[in-house]
Amino acid sequence: KTAYDGIISTGWLTAYARTFTDIPYSKEFFEELEKIHQASGNANVLAEMKGTKMAPSFEARYKLINKLFRQAGINQVLEIAAGLSTRGTELSLDDSIEYVELDLPAMMVDKRKVLKAIEDKGILKVGSNLHLENGNALNLKDIVRATKHFRLGEPIVVVNEGFMRYLTFPEKE
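Definitions and cut-offs
- Residues numbered from 1 in each chain as written.
- Predicted model: local features only at pLDDT ≥ 70, side-chain atom pairs only at ≥ 80, totals over all residues.
- Heavy atoms only, no water.
- Axes fitted to C-alpha atoms, helices over the stretch in contact; angles between N-to-C directions.
- Helix = DSSP H or I, 4+ residues; strand = E, 2+ residues; numbered from the N terminus.
- Parallel < 35°, antiparallel > 145°, perpendicular 65-115°, else oblique.
- Left-handed = near helix turned anticlockwise from the far one by under 90°.
- Contact = heavy atoms within 4.5 Å.
- Nonpolar A, V, L, I, M, F, W, Y, C, P; charged D, E, K, R; others polar.
- Expected span 1.5 Å × (residues − 1).
- Buried < 20%, exposed > 50% of the residue type's maximum accessible area, 1.4 Å probe, protein only.
- Arc of directions from axis to C-beta.

### Topic: the packing of helix α2 (residues 26-39) against helix α6 (residues 105-120)
Item 1. The geometry of α2 relative to α6 is characterised by a closest axis approach of 9 Å and an angle of 115° between their N-to-C directions. Between α2 and α6, the interaxial angle falls into the category roughly perpendicular. As α2 runs across α6, the sense of the crossing is right-handed. Contacts between α2 and α6 pair E28, F29, E32, L33, I36 and H37 from the former with D110, K111, K113, V114, L115, A117 and I118 from the latter.
Item 2. Split into classes, the residues belonging to the contact of α2 with α6 amount to seven nonpolar, one polar and five charged.

### Considering α2
Item 1. Between its first and last C-alpha, α2 extends 20 Å over 14 residues, near the 20 Å set by a 1.5 Å rise per residue.
Item 2. Among all positions of α2, only S26, F29, F30, E32, L33, I36 and H37 are buried. Mapping the buried residues of α2 onto a view down its axis gives an arc of 165°, with all of them on the same face.

Quick look at the structure:
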């Protein structure tokens, strides 16, 4: 448990809203997440997260980040507070991209279960270039540890889609 575990449910909200878009694997991710939480008796928490008003905003934000990433032409990505984003899954289908996702351990438990379930169904094969790392985005040691997957001396893109709004001003600094 961390002081930031309360933010995890916002990742569920975003994952649900993305199911109303054409973002790859969004429906499959949320479907598996829902099964996981129903099996553990937490389905009521997900039910509270089912809002659709923000779907266009989440879709636009996701697609803008992907566009900027492609324009940058950099093929190493660290996504902090990755949540249930499907970006790493989608972009790591390109073998030239090294993709690292960092999030709190409780979120990564869900992410690993979702990816395994989708892979077991034959929907996709998770490549060896997608790395899921447990850690806190505000802990420099966790971030440095997550970068072990990158080639030294080459640029990286750091992606954060929605985490900053939950931080205090000192934490943002």
